[in-house]
Every structure is written in structure tokens, then in C-alpha cells.
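# Overview (structure and organization)
Next come the chains, spelled out residue by residue.
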Amino acid sequence: MRVRKMNPSGVHETPGYHHVTIVEAGRLAFLAGQCPLDLEGNLVGAGDHLAQADQVAANAMTVLAAVGAQPADVVRSVIYVVSDDHQVLDAVWRRLNASALGPAFGSASTLLGVASLGFAGQLVELDLTAALMSS
């Protein structure tokens, strides 16, 4: 498997992610949106974007490991945050990048402020696609 990341000339510089991620060969795993829920399905970090980001990162690490992938194998991420405050969006971005999941966000990545998410009280969700070794 070969993954190549690039930032073409003619577009703006990025704060750590790449505009393009190319997967030359192999299989892909499309992870369901990871939510800030514990093993019992309870919301973690009610009202706290950063606590929810921590739980989402932990859940994503578990799911990646279950398919034999690591954060560096992520080729696409979309982060959803219930907020229109750029400081909140930036804080969630920084928290996720500082976590063990951080290498996932060096590939093609999008951060969105949204009006609401699926679970009552949910403030953060993470959608990942990972490249897997060929079987």
C-alpha cells in the first residue's frame, strides 16, 4: 500500500493537513461517525466540547485498531462540531491533533461547525476513512 499526501501549488497553505491524499493500492475502511459515547452508550462530557473530543478520539482509536489500522493510515477525516464560534472549532481541532489520534489529521481533512448532531447533547462527531494493508 502506498499513501501520498500533497499540497498543490496555486492553493493556500494549510495548518497541518494536506489538500490531497492519494491511495495507490489496497483496501479502504469507512468508519461510522464516532460519537462521544461510552461503552454503555451514555453521552460523555455533557456541555463540554473538549471532553467530547477526547471520547471521540478514544473511540476512533479503538475502531481503527479493530481493523488493523493506525492514525497514520487515515486518508480522510471530517470533524463535526456543534458551534459557530471559531474559537471552539479551533480548540476542538487542536485537542484532536494533540491526542494519540493526531496523525490522522495530516491527510485530507475537513472541520465543520454544524447546528446539531444525532444524539441529544452531542457536540462532536468524527468521520474517518483509513487505508488498510492488502489482504
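Residues numbered from 1 in each chain as written. Predicted model: local features only at pLDDT ≥ 70, side-chain atom pairs only at ≥ 80, totals over all residues. Heavy atoms only, no water.

Next up on the list: the overall build of the protein chain. Looking only at helices and strands, one finds two helices and six strands in the protein chain. Mapped in sequence order, the helices and strands of the protein chain form the string β-β-β-α-β-α-β-β. Over its C-alpha trace the protein chain gives a radius of gyration of 15 Å, about what one expects of a compact globule, namely 14 Å for 135 residues. Its C-alpha atoms give the protein chain principal-axis dimensions of about 40 × 40 × 20 Å. The buried share among the 135 residues of the protein chain stands at 39%. Look at the contacts in the protein chain between residues 6 or more apart in sequence, and 72% of them connect residues 24 or more apart. Looking at the protein chain as shown, the accessible area adds up to about 7,200 Å², and 54% of this sits on carbon and sulfur atoms. Both charge centroids of the protein chain, one from 7 positive and one from 12 negative side chains, sit 13 Å from each other. (Helix = DSSP H or I, 4+ residues; strand = E, 2+ residues; numbered from the N terminus. Rg over C-alpha atoms; globule rule 2.2 N^0.38 Å. Buried < 20%, exposed > 50% of the residue type's maximum accessible area, 1.4 Å probe, protein only. Contact = heavy atoms within 4.5 Å. Areas by Shrake-Rupley, 256 points an atom, 1.4 Å probe, with all protein chains shown as cover. Lys, Arg positive; Asp, Glu negative; His and termini not counted. Charge placed at Lys NZ, Arg CZ, Asp CG, Glu CD.)

Turning next to helix 2 (residues 86–98). Relative to the 18 Å expected for 13 residues at 1.5 Å per residue, helix 2 spans 18 Å between its end C-alpha atoms, a close match to the ideal helical length. Buried within helix 2 we find Leu89, Val92, Trp93 and Leu96. The arc that holds the buried residues of helix 2, viewed along the axis, is 100°, so those residues lie on one side. Set apart from the buried face of helix 2 by more than 90 degrees, the exposed residues are Gln87, Arg94 and Ala98. Its buried side turned inward, helix 2 meets helix 1 (49–66), strand 4 (74–82), strand 5 (108–114) and strand 6 (124–132). Two to three positions downstream of the cap, the backbone nitrogen of Gln87 sits 2.7 Å from a side-chain oxygen, assigning the N-cap of helix 2 to Asp85. (Expected span 1.5 Å × (residues − 1). Arc of directions from axis to C-beta. Polar contact = N/O pair within 3.5 Å; in protein donor to acceptor, adjacent residues only side chain to side chain.)

Here we take up the sheet that holds strand 6. Strands sit in the order 3-6-4-5 across an open sheet of four strands; the sheet is mixed. Taken across any chain shown, the strands that pair with only one partner, and hence form the sheet edges, are strand 3 (27–30) and strand 5. Averaged over all pairs of adjacent strands, the angle between their axes in this sheet comes to 10°, without regard to strand direction. Contacts between helix 2 and the sheet are confined to strand 4, strand 5 and strand 6, with strand 4 contributing the most and set at about 140° to the helix. (Pairing = 2+ DSSP bridges. Axes fitted to C-alpha atoms, helices over the stretch in contact; angles between N-to-C directions.)

To continue, consider the environment of Gly33. Residue position: Gly33 is located in the loop between strand 3 and helix 1. Assessed through its relative accessible area of 28%, Gly33 is described here as partly exposed. The spacing of Gly33 and Leu89 is 56 residues in sequence and 18 Å in space, taken between C-alpha atoms. The contact partners of Gly33, leaving out residues within four places of it in the chain, are Glu125, Leu126 and Asp127.

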